Each structure stands twice: as C-alpha cells, then as structure tokens.
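# Residue-level structural notes
Letter by letter, the chains look like this.
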Amino acid sequence: MVVPLQNTIRDYAWGSPTALPKLLGVAPTGEPQAELWMGAHESAPSVLPSGDTLYDAVSFDPAAVLGEETAERFDGRFPFLAKLLAAARPLSIQAHPSREQAIDGYQRDEAAGIPRDAADRNYKDAWPKPEILIALEPFDALVGFRPLERTVALLDALAPEGFGELTDLLRNGKLRAAFTDFMSRDRDAIRPLVTALGAAVARPGDFALERETLAKLCADFPDDPGVLAALLLNRVRLQRFDAVYLPAGNVHAYLNGLGFEVMANSDNVLRGGLTPKHIDVPELVSVVDFEPLADPVLTATTDGRYETGCPYFAVRRIDLDADERTVDGAGPRIVCCVDGTVDAAGKESAVTLSAGQSAFLSGPEGPCTLRGSGTAFVVSAS
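Right, let's walk through the structure included here. Predicted model, so just to flag it, every value in this text is computed and none were measured.

Quick look at empty space enclosed by the protein now. Applying the stated criterion to the full structure yields one cavity of 30 Å³ or more. Roughly 40 Å³ of volume is contained in the largest cavity. Leu-142, Arg-146, Leu-154, Glu-210, Thr-213, Leu-214, Ala-230, Leu-231 and Arg-235 together form the lining of the largest cavity. Of the residues forming the lining of the largest cavity, the biggest block, three residues, is contributed by helix H10 (residues 208-220). Grouping the constituent residues of the lining of the largest cavity by class yields five nonpolar, one polar and three charged.

So this is what it looks like as structure tokens:
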C-alpha cells in the first residue's frame, strides 16, 4: 500500500510559530510549532486513512507492514522516525545513547519504578537515537567538539576573565575534564563566568560567527552551564540541503532554522543545559563521545544520498523537474515532500503530496515512482 499520513505537530517552547505553517501553506496559530512527526513512535504516531495509527498497525502485524526481513531485524519495531523541525530558539545541549547504553539505562529506569512519561526519566525506550538533520533553509547548530587547538585559539582570541583554568585543561588535552567541570557547576558559580564571556565576545575580533552565537546565549541564558559548553562545540551554519549526522555520543544543540530530521525510532535525550527540562549531567557525561569532530557538515552524493552508515535508516533526496524517478527499495518507507508537488506511486495506488505532506509505503510494496516538480525525501530502513 501507498497511503497518505496524518501527522502530529509538537508544540515545544523553542519552536517557530511561523516556519511550519509557511511550509504547509496554512495560517499560523500564534503558538510555537516545533516538530511534525512522521512514523510509528508510540508517543505521537502517524495516522493512516483507516483511522488506525501506524504504531497500532505495526504492532498488530509487523511483517505485513514492515516486511518480513525488517520486522525480524528490528524485533517488530518500526526502525526510524522522520520529522520536520522548526527552531526559533536554541534546543538543549544534548547527546543520545548507543544501543548498549540505551538498554542499560532503560533497565535501570524500569527497575527504579520511574514512570515512562515522567519528566525526570532519562530513558524512554531501549533504543539508540542516531540522527541526521538536513537543512531546508540556512540552519544554525552546535555540533560535536571542535578540535582542541581551534578551541584554544578561540579562547586566546576572546580572553574572557576567569577562563585560564579551562584553557590550560584544553592545552593539555583534557577535554572530558573541562566539559564535566563546566557542566557540573551550580548556577551561582556559572553566572560570573557567563558575564565575563559576554563582555569578551562583545569586543571586535576574529571568530565572528562564534562571537555572535555566544553573545546571544550569554544574554538569554545568564546562569546556564550550557553557554560554557557551547565554547567547546563546532559552530556550523548549514545551507539548503547540507546536513549534519549525529551518531551516539555526539554533543549538539540546534539553534535556529527549518530542517528535515531522521533518527532511529527513539525519544532518548540526555540534556546538560539551555533548557528548563530535566538535566542529568553524570548520565550525559557517561554517554558522550569526547573525540573532536573536525568537519561536521555532510553533503549528499550526486544521486541525492546522505551516506551515514546508520543501520536504522537511509535518506535520499529526489529533485524533480516535471519528470519521473523510480526509487528502488524494500522495507517500510516514508516519502516527504518539502517543495512543490510530488506524486508517490506504488504498484496499484498513488498519493499526491504538497510541501510538508508525507506518504507511507509498506515493506512488501517494492520500488516506488515519484513524479512531478519539487523535492521529496525518501526514508527507508537502511
């Protein structure tokens, strides 16, 4: 089957009140609209034309919906979750666990009797959450630890008062110690450091993009350790269709923009700052990968593939100009149109999609054909 999906919009406080309505061609409500979810995660599953949720359909007959091979490989669980993400304010400084870490954390939270919907629960499920974010417009983010020599150069250029100890730790290669120290300090200890950093970035000099970002964070989060963590992370500005891939342990924070996001079908987030939500610094540090990331930006291949090596999903961009493309594949797929109008056709049925709309192809469906003028992403189990 190829069927249209009815999807849920999440109204998180950091969301843009205008970006998703503009993409969808509807009037804004005045409230933030942060994420539009496409998939079968139990907290906000897509709805099929029958009125059943995709989560219920998968639960009832995994092989019929996912295909036998995918159902067996992922224990009957839908493997990925796709989103349209619209950020008007920074998201939290965060990282996601590996498969082994997620299983262990989930078992610990279950044994402790923490309700799965509790605000202070770290692990909502036993899955990892590797993810890719593909920009639909200029998109700002903090992604992965900057190479240490570059961060030392930034601190030398800024010369903020009270940061000598941090700079010395980084000169000696002690990134983990520096990150843990900052993230573990209480807010009374953080405030004077943020004030000093704000004064330093206000002075003219090199690292203009970093200064711009840090100035805003210092003003908006005057006693938050996440501001200091931002000093250690790569500051990237993605252009349309550039991407960042975030495997387990990658510390990141999305800052502003509209993007198409795909992740393993999990809601496990460990936060350290820039948020009023639950923060657990020791648990965050336990999953973080402290290997610096020299080049965080990922571009598509000539045929539109974003090559990540992720075992839970694969993403391909299809650009159409009044033409037709057949996309090979098996297993469950979601087609999301982000520009123009695209027809997604299977063996016996087709769905017409405009920007922001999506369709589902079941596992046994086989190749699909896309026609029209516009751009669509095809997400499959890798």
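One can find Leu-232 in the loop between helix H11 (225-230) and strand E8 (233-238). The exposure class of Leu-232 is buried, given its relative accessible area of 2%. Remark: the alpha-carbon pair of Leu-232 and Leu-148, spanning 84 residues in sequence, is separated by 8.1 Å. Those residues within four positions of Leu-232 in sequence are excluded, and the remaining contacts are Gly-144, Phe-145, Arg-146, Thr-151, Leu-166, Leu-170, Leu-175 and Phe-179.

Summed over all chains, the structure comprises 14 aromatic pairs. Aromatic pair Phe-145 and Phe-290: ring centres 5.4 Å apart, planes at 20°, arrangement stacked. Taken together, the positions of Phe-145 in strand E7 (residues 139-145) and Phe-290 in the loop between helix H12 (281-287) and strand E12 (297-298) put the pair 145 residues apart, joining distant regions of the chain. The exposure class assigned to Phe-145 is buried, which follows from its relative accessible area of 1%. Here Phe-290 falls in the buried class, since its relative accessible area comes to 15%. Here Phe-179 and Phe-290 contribute two aromatic rings whose centre-to-centre distance is 5.8 Å and whose plane-to-plane angle is 70°, an arrangement assigned as edge-to-face.

Okay, the layout of surface pockets next. Of the pockets and cavities examined, the largest pocket occupies roughly 1000 Å³. What lines the largest pocket is a set of 44 residues, and nearest its centre among them are Tyr-12, Asp-267, Val-269, Arg-271 and Lys-277. Looking at which element gives the most residues to the lining of the largest pocket, the answer is strand E10 (residues 252-264), with four residues. Broken down by class, the residue content of the lining of the largest pocket amounts to 18 nonpolar, nine polar and 17 charged.

This next bit is on the pattern of salt bridges. The tally for this structure, following the rule as stated, stands at 20 salt bridges. With a closest N to O distance of 3.1 Å, Arg-187 and Asp-223 form a salt bridge. Remark: Asp-223 occurs in the loop between H10 and H11 and Arg-187 occurs in helix H9 (residues 187-201); sequence separation between them is 36 residues. Two residues, Asp-224 and Arg-187, come together in a salt bridge whose shortest N-O distance is 3.9 Å. Within this pair, whereas Asp-224 is found in the loop between H10 and H11, its partner Arg-187 is found in helix H9, the two being separated by 37 residues in sequence. Assessed through its relative accessible area of 3%, Asp-224 is described here as buried. For Arg-187, a relative accessible area of 36% corresponds to the partly exposed category.

Moving on, we come to the packing of helix H6 (residues 148-158) against helix H7 (residues 164-171). Orientation of H6 relative to H7, taken along the N-to-C sense of each, is 155°, at an axis distance of 9 Å. Relative to H7, the element H6 lies roughly antiparallel. Pair H6 / H7 crosses with left-handed handedness. Residue-level contacts link Leu-148, Thr-151, Val-152, Leu-155 and Asp-156 of H6 to Leu-166, Thr-167, Leu-170 and Arg-171 of H7. Considering only residue class, the contact of H6 with H7 consists of five nonpolar, two polar and two charged.

Attention now goes to the packing of H9 against H10. As a packed pair, H9 and H10 sit with axes 9 Å apart at the nearest point and diverge in direction by 140°. As for how H9 packs across H10, the hand of that crossing is left-handed. Counting all contacts with H9, which are made through Val-194, Leu-197, Gly-198, Ala-200 and Val-201, the residues of H10 involved are Arg-211, Leu-214, Ala-215 and Cys-218. Partitioning the contact of H9 with H10 into residue classes produces seven nonpolar, one polar and one charged.

Attention now goes to the environment of Arg-203. Residue position: Arg-203 is located in the loop between H9 and H10. Relative accessible area serves as the criterion here: at 40%, Arg-203 is assigned to the partly exposed category. With near-sequence residues (within four places) excluded, Arg-203 lies in contact with Leu-158, Ala-159 and Arg-211.

A few words now on H7. Regarding H7, the residues found buried are Leu-166, Thr-167, Leu-169 and Leu-170. Down the axis of H7, the buried set is contained in an arc of 160°. They therefore lie on one face. Buried-residue contacts for H7 involve H6 and helix H8 (175-184). Directly after H7, the chain includes Gly-173, whose backbone phi takes a positive value near 75°.

Calculation criteria
- Residues numbered from 1 in each chain as written.
- Predicted model: local features only at pLDDT ≥ 70, side-chain atom pairs only at ≥ 80, totals over all residues.
- Heavy atoms only, no water.
- 1 Å grid on protein atoms, 1.4 Å probe; cavity = no way out; pocket = protein on both sides within 12 Å on 5 of 7 lines; lining within 4 Å.
- Points joined across faces, edges and corners; volume = space filled by probe spheres on them.
- Helix = DSSP H or I, 4+ residues; strand = E, 2+ residues; numbered from the N terminus.
- Nonpolar A, V, L, I, M, F, W, Y, C, P; charged D, E, K, R; others polar.
- Buried < 20%, exposed > 50% of the residue type's maximum accessible area, 1.4 Å probe, protein only.
- Contact = heavy atoms within 4.5 Å.
- Phe/Tyr/Trp six-rings, centres within 6.5 Å; stacked < 30°, edge-to-face > 60°.
- Salt bridge = Lys/Arg side-chain N within 4 Å of Asp/Glu carboxyl O.
- Axes fitted to C-alpha atoms, helices over the stretch in contact; angles between N-to-C directions.
- Parallel < 35°, antiparallel > 145°, perpendicular 65-115°, else oblique.
- Left-handed = near helix turned anticlockwise from the far one by under 90°.
- Arc of directions from axis to C-beta.

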